[in-house]
Amino acid sequence: MNTEVLVVGAGPVGLTLAIALGQRGVACVLIEKKAAPEFLPKMERCNARTMEIFRRMGLADRIRAAGLDRLVPMDVYVALAMNEPPLLHLPYPSVAEAQAQIAACTDGSMPREPYQLISQYTLEPLLKSVAEQLPCVTVRYGHEFVSLSQDVGEVTAVVRDASGRTLDVRAQYVVGCDGGSSPVRKQLGIQVRGEGNLLRLYQGLYYAPDLFDRIPIGNGPGRGRHYHIADDRATFLIMQDSTKHWTLHATVDQPAQMAAQFERTIGVPIRFDILSVGEWKQNLLLADHYGAGRVFLAGDAVHLVIPTGGLGMNTGVADAIDLAWKLQATLRGWGGPNLLPSYEVERRQIGDRNVGASRYASIGRRAWRSQYRPDIRDATSQGQATRENLARVANVEQRKTNEMIGAELGYRYVGSPIVWDEPGGPEHLFRDYVPTTWPGARLPHVWVEEGCSVHDVIGDGYTLLKLGGTHADTSGLETAMRAGGAPFDTLTIDAARPRDVYGYDLILVRPDLHVVWRGHASPSDPVQLAAMATGHQNG
Ligand SMILES: Cc1cc2nc3c(=O)[nH]c(=O)nc-3n(C[C@H](O)[C@H](O)[C@H](O)COP(=O)(O)OP(=O)(O)OC[C@H]3O[C@@H](n4cnc5c(N)ncnc54)[C@H](O)[C@@H]3O)c2cc1C
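Residues numbered from 1 in each chain as written. Predicted model: local features only at pLDDT ≥ 70, side-chain atom pairs only at ≥ 80, totals over all residues. Heavy atoms only, no water.

Engineer: If you had to explain the overall build of the chain to someone new, which residues and values would you point to?
Structural biologist: Across its full length, the chain carries 17 helices and 24 strands. A globule of 539 residues ought to have a C-alpha radius of gyration of about 24 Å, and the chain, at 24 Å, matches this closely. With the C-alpha coordinates aligned to their principal axes, the bounding extent of the chain is approximately 75 × 60 × 35 Å. Taking all 539 residues of the chain together, 59% fall into the buried category. Within the chain, counting contacts between residues at least 6 apart in sequence, those at least 24 apart form 72% of the total. Here the chain has roughly 20500 Å² of accessible surface; of this, 50% comes from carbon and sulfur atoms. In the chain, 54 positive and 59 negative side-chain charges are present, and the distance between their average locations comes to 3 Å. (Helix = DSSP H or I, 4+ residues; strand = E, 2+ residues; numbered from the N terminus. Rg over C-alpha atoms; globule rule 2.2 N^0.38 Å. Buried < 20%, exposed > 50% of the residue type's maximum accessible area, 1.4 Å probe, protein only. Contact = heavy atoms within 4.5 Å. Areas by Shrake-Rupley, 256 points an atom, 1.4 Å probe, with all protein chains shown as cover. Lys, Arg positive; Asp, Glu negative; His and termini not counted. Charge placed at Lys NZ, Arg CZ, Asp CG, Glu CD.)

Following this line, the structure appears as structure tokens:
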């Protein structure tokens, strides 16, 4: 079998990459060792940046339709049980409320799309069905990557099908999206480093069809997304997208204890079935490299984070989007030799930062949990003091998990060979997002008119934004960009708001909406800028 790109692993990252390549007309084969997507819980929240990416891929509406109803609150609680008054309530907007906030926001500080709660076991089959409909994409479940060899022009992968037969897949590039134990990464001899096996928990998946309708139960917390139980077992309950399925995580000794743990958490008799119980480990690990030669790695294959902050799959989706257009550009000949190497430069620093963000959030989680004392339920002044103290600390520390908009939107590629270097730049913040067009940053979302964002009018290639009625003569840059065959458009936006927020008359944006260059006048050497932007010359 021959293809342009072989993608190994049909988790959310491999599926997103295959769709992005297919939409760009790149032939790819996606192999997955499992026979079919599994109904096992993992991630449940696509963050705002991921939803922006899915919007540009034309998938956001389908994902929202398959995910949690837009009116359901996303609140987070700390409680003793679901039928007791919460110790802490952190309100977060439903998708509908967040969409209304975004509609009213004109300063570039909010994303184009809010988050969406959708369980990974819902998202993967949805993405699979999209990939299967793309003519350029061949999807093969029940196919396991075994080994690979590469030379200067090609990679040959040995793949075993469900019957045990092996076949050779020859590809110009291979991308390992094969998860935390990544056989592709191991084949390349690339190490992951950091903190492994930090905590072992059991996760149960429960079908409890009446639970959501009965909330609040007695004086218990209201409807929300996460319920952290203030105990000594790190127990937390997560609503899944149907509102009828729930997951419970706890550091119990035996899987058999997960039924009683669920009952204790709910606090009242409720009808439920346990669909699965599995063990998982918390890790904070980053790979030394994001590939070697013609083989690249993305997603959990190169970064493993604790789900605090929800930066696992979400970081991987952004890896996939960074790589997809660079592979297209290189295969179609308009991308220069710096383009594919820039993938590791750009994405590894974000992997590193997001491992750090996840560590920061998980330390916060540990900080408030360390305030637990065995007297927390006592009707004594000491018990009251324990409850108040834990709630006070959690009100600071739990927010670190749930308020990560800086990590989600504010990441900026520093030192990239395909970004025009402006020395300095704003501080990288996990918690706050300050809109910026500093080269390397994601272009902030700003309305051109009601319901239409600058993001919505930018196409899939490079775009030169001409803002605020500028009369700059940009013909030199336009000619230079087109000369190499790169997809390129000039977009004139006269509306005042984008110019005000962006602060510049001219902005060159790449296919993934990251800023390459900005200025008030045409670049002094447009040929050099075009060569740098397309990977033919260092910035
Ligand atoms: C409890 C929990 C909650 C989480 N919550 C969130 C969240 O809210 N937000 C978030 O962003 N992330 C979250 N995550 C993390 C998220 O689930 C992972 O980051 C995500 O699954 C990574 O996607 P991936 O595609 O890189 O890897 P995976 O999902 O691991 O997919 C890799 C795929 O490769 C396949 N594969 C492996 N070896 C081979 C081979 N030899 N040949 C062929 N195929 C192979 C595997 O079968 C698998 O399907 C959570 C994780 C857990 C455990």
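Engineer: Summarise the packing of helix 1 (residues 12-23) against helix 9 (residues 313-332); cite the residues concerned and give the values.
Structural biologist: It is at 9 Å that the axes of helix 1 and helix 9 come closest, and there the two elements cross at 25°. With respect to helix 9, the axis of helix 1 lies roughly parallel. Where helix 1 crosses over helix 9, the handedness of that crossing is right-handed. Residues Pro-12, Val-13, Thr-16, Leu-17, Ala-20 and Leu-21 of helix 1 lie in contact with helix 9, whose contacting residues are Met-313, Gly-316, Val-317, Ala-320, Ile-321, Ala-324 and Leu-327. Across the contact of helix 1 with helix 9, the residue classes break down as 11 nonpolar, two polar and no charged. (Axes fitted to C-alpha atoms, helices over the stretch in contact; angles between N-to-C directions. Parallel < 35°, antiparallel > 145°, perpendicular 65-115°, else oblique. Left-handed = near helix turned anticlockwise from the far one by under 90°. Nonpolar A, V, L, I, M, F, W, Y, C, P; charged D, E, K, R; others polar.)

Engineer: Tell me about the sheet that holds strand 21 (residues 462-467), residues and numbers included.
Structural biologist: Ordered in space as 22-21-23-24, the four strands form an open sheet in which the pairing is mixed. Taken across any chain shown, the strands that pair with only one partner, and hence form the sheet edges, are strand 22 (488-493) and strand 24 (515-519). Averaged over all neighbouring strand pairs, the angle between strand axes comes to 15°, with direction disregarded. Strands in contact with helix 17 (residues 526-533) are strand 21, strand 23 (506-509) and strand 24; relative to strand 24, the strand with the most contacts, it is inclined by about 160°. (Pairing = 2+ DSSP bridges.)

Engineer: Describe the site of the ligand, and please don't skip the residues or the numbers.
Structural biologist: Not every one of the 30 residues close to the ligand is listed here, only the nearest: Glu-32, Gln-120, Phe-145, Asp-300 and Met-313. Interatomic distance of 2.9 Å between a backbone N/O atom of Asn-314 and an oxygen atom of the ligand. Across the complex, the protein chains shield 91% of the 1000 Å² of accessible surface that the ligand would expose by itself. Of all the secondary-structure elements, those providing two or more residues to the shell around the ligand are helix 1, strand 8 (143-150) and helix 9. The biggest single contributor to the shell around the ligand is strand 8, with three residues. The residue makeup of the shell around the ligand, split by class, is 10 nonpolar, 11 polar and nine charged. (Near = heavy atom within 4 Å. Polar contact = N/O pair within 3.5 Å; in protein donor to acceptor, adjacent residues only side chain to side chain.)

Engineer: Describe the nonpolar core, naming the residues involved and giving the relevant values.
Structural biologist: If you look at the biggest cluster of nonpolar residues, it comprises 74 residues, and the most contacted ones within it are Val-5, Leu-6, Leu-21, Phe-54, Leu-148, Val-175 and Leu-327. Take this core: its biggest share by element is nine residues, from helix 9. Not counting residues up to four positions away in its chain, the partners in contact with Val-5 are Leu-21, Val-26, Ala-27, Cys-28, Val-29, Ala-171, Tyr-173, Val-175, Leu-327 and Leu-331. Formed by 42 residues, the second largest nonpolar core is a distinct cluster that contains Met-82, Leu-90, Tyr-115 and Leu-237. (Core = buried A, V, L, I, M, F, W, Y, C linked by side-chain atoms within 4.5 Å.)

Engineer: Residues and numbers for the packing of helix 1 against helix 5 (residues 120-132), please.
Structural biologist: Following both chains from N to C, one finds helix 1 and helix 5 inclined at 25°, their axes separated by 9 Å at the closest point. What the angle tells us is that helix 1 and helix 5 run roughly parallel. Like other packed secondary-structure pairs, helix 1 and helix 5 cross with a definite hand, here left-handed. Here Pro-12, Leu-15, Thr-16 and Ile-19 of helix 1 come into contact with helix 5, specifically with Gln-120, Glu-124, Leu-127, Lys-128, Val-130 and Ala-131. A per-class count over the contact of helix 1 with helix 5 returns six nonpolar, two polar and two charged.

Engineer: How would you summarise helix 2 (residues 48-56) if you had to cite specific residues and measurements?
Structural biologist: Most of helix 2 sits inside the fold, with seven of its nine residues counted as buried. Within helix 2, burial applies to Ala-48, Arg-49, Thr-50, Met-51, Glu-52, Ile-53 and Phe-54. The N-capping residue of helix 2, defined by a side-chain oxygen 3.0 Å from the backbone nitrogen of Arg-49, is Asn-47.

Engineer: With reference to specific residues and values, describe the pattern of salt bridges.
Structural biologist: The tally for this structure, following the rule as stated, stands at 30 salt bridges. A salt bridge links Glu-44 to Arg-225; the nearest nitrogen and oxygen atoms lie 3.5 Å apart. Taken as a pair, Glu-44 in the loop between strand 2 (28-32) and strand 3 (45-46) and Arg-225 in the loop between helix 7 (211-214) and strand 12 (226-229) lie far apart in primary sequence, 181 residues in all. Residue classification places Glu-44 among the buried residues on the basis of a relative accessible area of 8%. Given the relative accessible area of 9%, Arg-225 is considered buried. The partner of Asp-456 in a salt bridge is Arg-55, with the nearest N and O atoms 3.0 Å apart. Within this pair, whereas Asp-456 is found in helix 14 (residues 454-457), its partner Arg-55 is found in helix 2, the two being separated by 401 residues in sequence. Taking the relative accessible area as the measure of exposure, Asp-456 reaches 30% and is therefore partly exposed. (Salt bridge = Lys/Arg side-chain N within 4 Å of Asp/Glu carboxyl O.)

Engineer: Explain the packing of aromatic side chains to me, and be specific about the residues and the numbers.
Structural biologist: To describe a pair of aromatic rings, you give the distance between the ring centres and the angle between the ring planes. Per the stated rule, a full pass over the model turns up 13 aromatic pairs. An angle of 45° between the planes, with centres 6.2 Å apart, marks the rings of Tyr-227 and Trp-246 as tilted. Of this pair, Tyr-227 sits in strand 12 while Trp-246 is found in strand 14 (residues 245-250), placing the two residues 19 residues apart along the sequence. Overall, the relative accessible area of 0% leaves Tyr-227 in the buried class. Relative accessible area serves as the criterion here: at 0%, Trp-246 is assigned to the buried category. Relative to Tyr-343, the ring of Tyr-290 has its centre 5.8 Å away and its plane inclined at 55°; by these criteria the two rings are tilted. Taken together, the positions of Tyr-290 in the loop between strand 15 (273-287) and strand 16 (291-292) and Tyr-343 in helix 10 (residues 339-369) put the pair 53 residues apart, joining distant regions of the chain. (Phe/Tyr/Trp six-rings, centres within 6.5 Å; stacked < 30°, edge-to-face > 60°.)

Engineer: Give me the lowdown on the sheet that holds strand 4 (residues 76-79), citing residues and values where you can.
Structural biologist: Spatially, eight strands are ordered 5-4-12-13-14-11-15-18 in an open sheet, and the strand pairing comes out mixed. A strand with exactly one partner marks an edge of an open sheet, and here the two such strands are strand 5 (88-90) and strand 18 (303-304).

Engineer: I'd love a proper account of the side chain of His-445, names of residues and values included.
Structural biologist: Mapped onto the fold, His-445 is located in the loop between helix 13 (405-409) and strand 19 (447-449). The buried category is assigned to His-445, whose relative accessible area is 3%. Here the side chain of His-445 touches Ser-453 through a polar contact of 2.8 Å, side chain to side chain. Ignoring anything within four residues of it in the chain, the contact list for His-445 reads Glu-52, Ile-102, Gly-108, Met-110, Pro-111, Arg-112, Ser-453 and His-455.

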